[in-house]
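Descriptive analysis of the structure
Given next are the chains, with one letter for each unit.
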Amino acid sequence: MTHKEFKLTVKNEILEDAGYERKAVHYQIGDVVTVDEVTFKFLQAGSPIQRYTQEGWFTFDKNDFENEVAVTTITVDYSIRKLGQRKQK
């Protein structure tokens, strides 16, 4: 099984909206946000992403991040091995 993680660096502050007059900073400039491949493809297509928190929600799009993205590809292999134990008589 292989999956990719995309690490995006925040270029513009991403604010959390809790329904009050003031918005709280959820991600500051320079923070790194890790997303999966599906979310990354939505961002590439120009779609805004909305995430919910305990207090409210925040929305971000590709313009909130630096253009260069670090990608980590993770491969997981599952197998079964024998310890080599001898049968007891």
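Residues numbered from 1 in each chain as written. Predicted model: local features only at pLDDT ≥ 70, side-chain atom pairs only at ≥ 80, totals over all residues. Heavy atoms only, no water.

1. Some remarks on the confidence of the model for the protein chain
Taken residue by residue, the protein chain gives an average pLDDT of 90. The fraction at 70 or more is 100%. Mean pLDDT across the elements of the protein chain ranges from a minimum in strand 3 (residues 24-27), with 83, to a maximum in strand 7 (residues 70-75), with 95. (pLDDT = per-residue confidence, 0-100. Helix = DSSP H or I, 4+ residues; strand = E, 2+ residues; numbered from the N terminus.)

2. Here's the deal with the packing of aromatic side chains
Aromatic rings considered in pairs are described by the distance between their centres and by the relative angle of their planes. As enumerated under the stated definition, the model contains four aromatic pairs in all. With a centroid separation of 4.1 Å and 5 degrees between ring planes, the pair formed by Phe6 and Phe40 is classed as stacked. One end of the pair, Phe6, is in strand 1 (residues 2-9); the other, Phe40, is in helix 1 (residues 37-44), and 34 residues separate them in sequence. Residues Phe6 and Phe40 agree in their burial class; the two are buried. Through pairs of rings, three or more aromatic residues link up here, namely Tyr27, Phe58, Phe60 and Phe65. (Phe/Tyr/Trp six-rings, centres within 6.5 Å; stacked < 30°, edge-to-face > 60°. Buried < 20%, exposed > 50% of the residue type's maximum accessible area, 1.4 Å probe, protein only.)

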